[in-house]
Amino acid sequence: EADIYQTPRYLVIGTGKKITLECSQTMGHDKMYWYQQDPGMELHLIHYSYGVNSTEKGDLSSESTVSRIRTEHFPLTLESARPSHTSQYLCASSDQTAYEQYFGPGTRLTVT
Amino acid sequence: TQLLEQSPQFLSIQEGENLTVYCNSSSVFSSLQWYRQEPGEGPVLLVTVVTGGEVKKLKRLTFQFGDARKDSSLHITAAQPGDTGLYLCTFRGSQGNLIFGKGTKLSVKP
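Residues numbered from 1 in each chain as written. Chains lettered and ligands numbered in written order. Predicted model: local features only at pLDDT ≥ 70, side-chain atom pairs only at ≥ 80, totals over all residues. Heavy atoms only, no water.

What to know about the interface of chain A and chain B
For step 1, the next point in the chain: Taken together, the contact pairs 22 residues of chain A with 22 residues of chain B.
For step 2, the next point in the chain: Sorting the residues of chain A by area buried against chain B places Glu42(A), Tyr99(A) and Phe103(A) first, and these three jointly supply 29% of that buried surface.
For step 3, the next point in the chain: In this structure, Glu41(B) engages Arg9(A) in a salt bridge whose closest nitrogen and oxygen atoms are separated by 3.8 Å.
For step 4, the next point in the chain: Our count for the contact surface shared by chain A and chain B stands at five residue pairs in polar contact (both at pLDDT 80 or more).
For step 5, the next point in the chain: Within the residue set of the side of chain A that touches chain B, elements represented by two or more residues are strand S4 (31-37), strand S5 (43-49) and strand S9 (87-94) of chain A.
For step 6, the next point in the chain: Class assignment for the residues of the side of chain A that touches chain B results in twelve nonpolar, six polar and four charged. (Contact = heavy atoms within 4.5 Å. Buried area = accessible area lost by both parts, 1.4 Å probe. Salt bridge = Lys/Arg side-chain N within 4 Å of Asp/Glu carboxyl O. Polar contact = N/O pair within 3.5 Å; in protein donor to acceptor, adjacent residues only side chain to side chain. Helix = DSSP H or I, 4+ residues; strand = E, 2+ residues; numbered from the N terminus. Nonpolar A, V, L, I, M, F, W, Y, C, P; charged D, E, K, R; others polar.)

And the structure:
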C-alpha cells in the first residue's frame, strides 16, 4: 500500500491568499511529482524533483512553486491564489526506476 | 494534439456486462500503463505492458498491447459496481513523469 499523504484534502480560499499544499511520502522515494487535474481533463505535470534540492518545472506552466528540502516532503506554494488556480492537485512519488508512480489522494482547491 | 486518445469517454453499464475500453496513439511506445482513479482519490497502477502483442490478466481485467505498440485495450468481464472509476492509460515521458490520456469514465450500476 502506498504511503503518500496530502493535506488538506479540500481547501476553499479567497483570491490573493497565500497557500501551501503539503505532500509527504514514507517510502524513501527520490522522485516526486505534482500534477494538476481539471474535471474531465488529463493530469498534467506541473513540477517534479529528482531528489533533495532538485526542482524542475513540468509540461504545464504553473504560477506555483515547490521546494525539496527533505526527501520525504515536497510542498507546493501559491503566493497569491486566483480563481484560475481552482483545480485538483495530485502529488506522486517513485523510486529511481520511475517504473510505478504512487499517488496521494489529492487536494481539491477552490479559489473564490 | 492529444498524444493518447481514449475511448469511449464515458461508459455506463449494468452489473454483469462485459466491456472494452481503448487507448490509441500515432506514436510507438516502449511501454504503456493503465491506472484506475476512483472519485476523490489518486490514480492507482493496474498494469504495465511492454511487449507488442502482450496480454496480461488481472482477475476479471484483461489488458492487451497492440502488435505495433501504438495502442492498448482493457477488457472487463462481468463488471461489478466496484469497477466504477476513471480508467487512464499513460506512458512515461522523458522526465520520468507520466503522460496521461483523458480517461474513460466507467459507471457500473447494480
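Comments concerning the sheet that holds strand S7 (residues 65-66) of chain A
Sheet strands associate in pairs through backbone hydrogen bonding, adopting either a parallel or an antiparallel arrangement.
All names here are of chain A.
For step 1, the next point in the chain: With antiparallel pairing, four strands are arranged side by side in an open sheet as S1-S3-S8-S7. Here the strands that pair on one side only, and so sit at the sheet edges, are strand S1 (4-7) and S7.
For step 2, the next point in the chain: As paired elements, S1 and strand S3 (residues 19-25) share four bridges and run antiparallel to each other. Residue pairing across strands places Ile-4 opposite Gln-25, the latter belonging to S3. (Pairing = 2+ DSSP bridges.)

Quick look at unusual backbone geometry
Peptide bonds are, in most cases, trans, and in most cases residues other than glycine have a negative phi.
For step 1, the next point in the chain: Omega for the peptide link from Thr7(A) to Pro8(A) comes to -10 degrees, which places this bond in the cis form.
For step 2, the next point in the chain: The residue Pro8(A) is located in the loop between S1 and strand S2 (10-13) in this model.
For step 3, the next point in the chain: Here the amide bond leading from Ser7(B) into Pro8(B) is cis, since omega sits at -10 degrees, within 30 degrees of zero.
For step 4, the next point in the chain: With respect to the element layout, Pro8(B) can be found in the loop between strand S1 (5-7) and strand S2 (10-14).

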